[in-house]
Amino acid sequence: MDVDLHELFTRAAAEGARHRATVAERPAHPAPDPAALAAAFGGPLPTAPADPTAVVDELAAAATPGLVGTVGPRFFGFVIGGSSPAATAADILAAGWDQCAYNEVLAPAAAAAERAAGAWCKQLLGIPETASVGFVTGAQAANTVGLAVGRHRVLADAGWDVETDGLFGAPRVAIVASEERHATIDRAARLLGFGQASLEPVGVTHQGAIDVERLRAALDSMAGRPVIVCLQAGNINTGACDDLRAATTLAHEYGAWVHVDGAFGLWAAASPRTAHLVDGVELPDSWGTDAHKWLNVPYDCGLAFCADPALHAATMSYAASYLTGSGARSDFVLGDLTPESSRRARGFATWAALRELGSHGVADLVDRSCSLARRMADRLMAHGATVHNDVVLNQVLFSIGDTLRTDEIIARVQSEGTCWVGGTTWRGQRLIRVSVSNATTTEADIDASAEVILRAAKQVS
């Protein structure tokens, strides 16, 4: 079957552009008929080939009723950013180019884009320029990589080669982390064979940052054991950041490996107004963050950084006779630093986002998000809401009236459609959480959303 690729790809891109151009006018969350949605995609497996243009049209028609407005200006759930115009266009190109970004042999352009984008990200985030960078799927993968490299180091220090001998019979590693760590740390512990019982929770301050004196007491109690300390830049509920300088310095005194989960909060380093929140960011041993959150790169894209590139590669790489360019001892190929060999070329979109914004644009994106979050908090408090966090970043944690009815308020807001907010449980209370991280969000979006939230609370009460 002859296919006019130009017409086909243009048709698909036009449909994507239509969605982006109209997303702000539609409900933030759809209300599809589940049976109709399943039927649109279901049915028996086709036996005969179909015209690709017809397939694209069928896909668009089937998917449109179930598309969530996560790329829109009033989706405030799960710390989801949008995707910038240049980054989105770059991702369209990446799909068309279809590069397997394992190494320079398979994808020279993809490798160059990743290396450049990774260097720019280190500069923005205050991470040492000598650190290695692996482009992974997201913060879960980045945290898993960081803990895997830490596992290698702390067990080697204890005289155990985990890459050769595994964990059976190995000294038991303690993973010291905040009581309010993100759940990806727990899953990484399971995936890496530590088990959740290896986690040693440390108490936090009133805003959810790790208590450094309690960290000291925990490390004292583990003297002689291999230890990985997980710190946090950006508490998922409050936005609070751990004292990276004090906590890392302390952990290193005990010989611990220090990993920072900075899924969104690490981007505070990109703005002079918020960089103080991550003071000491250059000191830890590994870091993880998302580009598809605050940098507004399309899904999926995360970054795993390591201060020791050779250790990073020793943990993640492998060699095979047919893999030209793998198993190097320096200047490691892209696939040496991630868990995957079959890798999409994530660097193109990240490079495009950074080229579009520049360092000043990234700083402005962070500043505007924080300012809009404070605006939301002010609007809500002016009408009786209780804001439970210091709004230092882009997170607003609040309640209105009886917290036992929080989920009723959330349901009304979500069904109304103007905006989407989610719920969370913090310190035993059911609260509402707003995360502002989309570059297209305006003051008008905040004001309209606050009005809907307040109206929903009044209806419930």
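From a predicted model like this one, the values you see are computed outputs, not experimental measurements.

Peer 1: Would you mind going over helix α14 (residues 443-460) with me for this structure?
Peer 2: In this model α14 runs 26 Å from its N-terminal to its C-terminal C-alpha over 18 residues, within 8% of the 26 Å that 1.5 Å per residue would give. Residues Asp445, Ile446, Ser449, Ala450, Val452, Ile453, Leu454, Ala456, Ala457 and Val460 constitute the buried set of α14. On the buried face of α14, the contacting elements are α12 (347-381), β9 (395-399) and α13 (406-416).

Peer 1: What should I look at first to understand the sheet that holds strand β6 (residues 286-290) in this one?
Peer 2: Whenever strands of a sheet pair, they do so through backbone hydrogen bonds, lying parallel or antiparallel. Taking strand neighbours across the sheet as the criterion, the seven strands line up as β1-β7-β6-β5-β4-β2-β3 in an open arrangement whose pairing is mixed. Across the chains shown, the open sheet's two edge strands, defined by having one partner strand only, are β1 (132-136) and β3 (199-202). With strand direction ignored, the average angle separating the axes of adjacent strands in the sheet is 20 degrees. Pairing of β6 with strand β7 (residues 302-306) involves five bridges; the strand directions are antiparallel. Paired with Gly288 across the bridge in β7 is Ala304. Sheet contacts for helix α8 (residues 183-191): β2 (174-178), β3, β4 (227-232) and β5 (257-261); angle to β3, the most-contacted strand, approximately 160 degrees.

Peer 1: Any chance you could explain the environment of Pro52 here in plain terms?
Peer 2: Looking at the secondary structure, you find Pro52 in helix α3 (residues 52-63). Taking the relative accessible area as the measure of exposure, Pro52 reaches 22% and is therefore partly exposed. Spatially, the C-alpha atoms of Pro52 and Val3 are 7.4 Å apart, while their sequence positions differ by 49 residues.

Peer 1: What's the story with the layout of surface pockets in this structure? I'm lost.
Peer 2: Empty space among the atoms becomes apparent when a probe as large as a water molecule is rolled across them. Size it by volume and the largest pocket reaches roughly 1100 Å³. Lining the largest pocket are 31 residues, with Ala12, Gly16, Ala17, Thr88 and Ile92 sitting closest to its centre. Looking at the lining of the largest pocket, the elements that each hand over two or more residues are α1 (5-22), α3 and α4 (85-97). Of the residues assigned to the lining of the largest pocket, the class counts are 18 nonpolar, nine polar and four charged. What the second largest pocket holds in volume is close to 350 Å³. Lining the second largest pocket are 21 residues; nearest its centre among them are His182, Thr184, Ala263, Asp290 and Lys293.

Peer 1: Would you take a moment to explain the pattern of salt bridges for this structure?
Peer 2: Close approach of charged atoms allows side chains of opposite charge to pair. This model, assessed by the stated rule, comprises 25 salt bridges. As a salt-bridge pair, Asp447 and Arg375 come within 2.9 Å of each other at their nearest N and O atoms. Linking Asp447 in helix α14 with Arg375 in helix α12, this pair joins segments that are 72 residues apart in sequence. Taking the relative accessible area as the measure of exposure, Asp447 reaches 26% and is therefore partly exposed.

Peer 1: Would you mind going over helix α6 (residues 139-157) with me for this structure?
Peer 2: Each full turn of the α-helix corresponds to 3.6 residues, which orients residues three or four apart in the same direction. Between the first and last C-alpha of α6 there are 27 Å, a value that for 19 residues agrees with the 27 Å anticipated at 1.5 Å per step. For α6, the buried fraction is high: 16 of the 19 residues fall into the buried class. After α6 finishes, the residue Gly159 shows a positive phi value of roughly 85 degrees.

Peer 1: How should I be thinking about the nonpolar core in this particular structure?
Peer 2: Nonpolar side chains tend toward joint burial in soluble globular proteins. With 58 residues, the main nonpolar core has Leu215, Val229 and Trp267 as its most contacted residues. Among the elements that line this core, the one with the most residues is α12, at eight residues. Beyond its immediate sequence surroundings of up to four residues, Val229 is in contact with Val176, Leu215, Leu219, Ala251, Ala256, Trp257, Val258 and His259. Residues Met376, Ile400, Ile432 and Val460 belong to the second largest nonpolar core, which totals 28 residues.

Peer 1: Would you take a moment to explain the pairing of strand β11 (residues 429-435) for this structure?
Peer 2: Working note: regular strand, side chains alternate between the two faces of the sheet. In terms of burial, β11 is a largely internal element, five of the seven residues being buried. Note: β9 against β11, four bridges, orientation antiparallel. Following the sheet pairing, Val396 is matched in β11 by Val434. The hairpin turn running from strand β10 (residues 422-426) into β11, its antiparallel successor, is two residues long, and Arg427 in that turn takes a positive phi close to 55 degrees.

Peer 1: Explanation requested: empty space enclosed by the protein in the structure shown.
Peer 2: In this structure the tally under the stated criterion is two cavities of 30 Å³ or more. The calculated volume of the largest cavity comes to roughly 60 Å³. Looking at the largest cavity, the residues that line it are Val23, Ala24, Arg26, Pro27, Ala28, Gly69, Gly72, Pro73, Arg74, Phe75 and Thr418. Partitioning the lining of the largest cavity into residue classes produces six nonpolar, three polar and two charged. Of the pockets and cavities examined, the second largest cavity occupies roughly 40 Å³. In terms of residue class, the lining of the second largest cavity is built from three nonpolar, three polar and two charged.

So, how was this worked out
Residues numbered from 1 in each chain as written. Predicted model: local features only at pLDDT ≥ 70, side-chain atom pairs only at ≥ 80, totals over all residues. Heavy atoms only, no water. Helix = DSSP H or I, 4+ residues; strand = E, 2+ residues; numbered from the N terminus. Expected span 1.5 Å × (residues − 1). Buried < 20%, exposed > 50% of the residue type's maximum accessible area, 1.4 Å probe, protein only. Contact = heavy atoms within 4.5 Å. Pairing = 2+ DSSP bridges. Axes fitted to C-alpha atoms, helices over the stretch in contact; angles between N-to-C directions. 1 Å grid on protein atoms, 1.4 Å probe; cavity = no way out; pocket = protein on both sides within 12 Å on 5 of 7 lines; lining within 4 Å. Points joined across faces, edges and corners; volume = space filled by probe spheres on them. Nonpolar A, V, L, I, M, F, W, Y, C, P; charged D, E, K, R; others polar. Salt bridge = Lys/Arg side-chain N within 4 Å of Asp/Glu carboxyl O. Core = buried A, V, L, I, M, F, W, Y, C linked by side-chain atoms within 4.5 Å.

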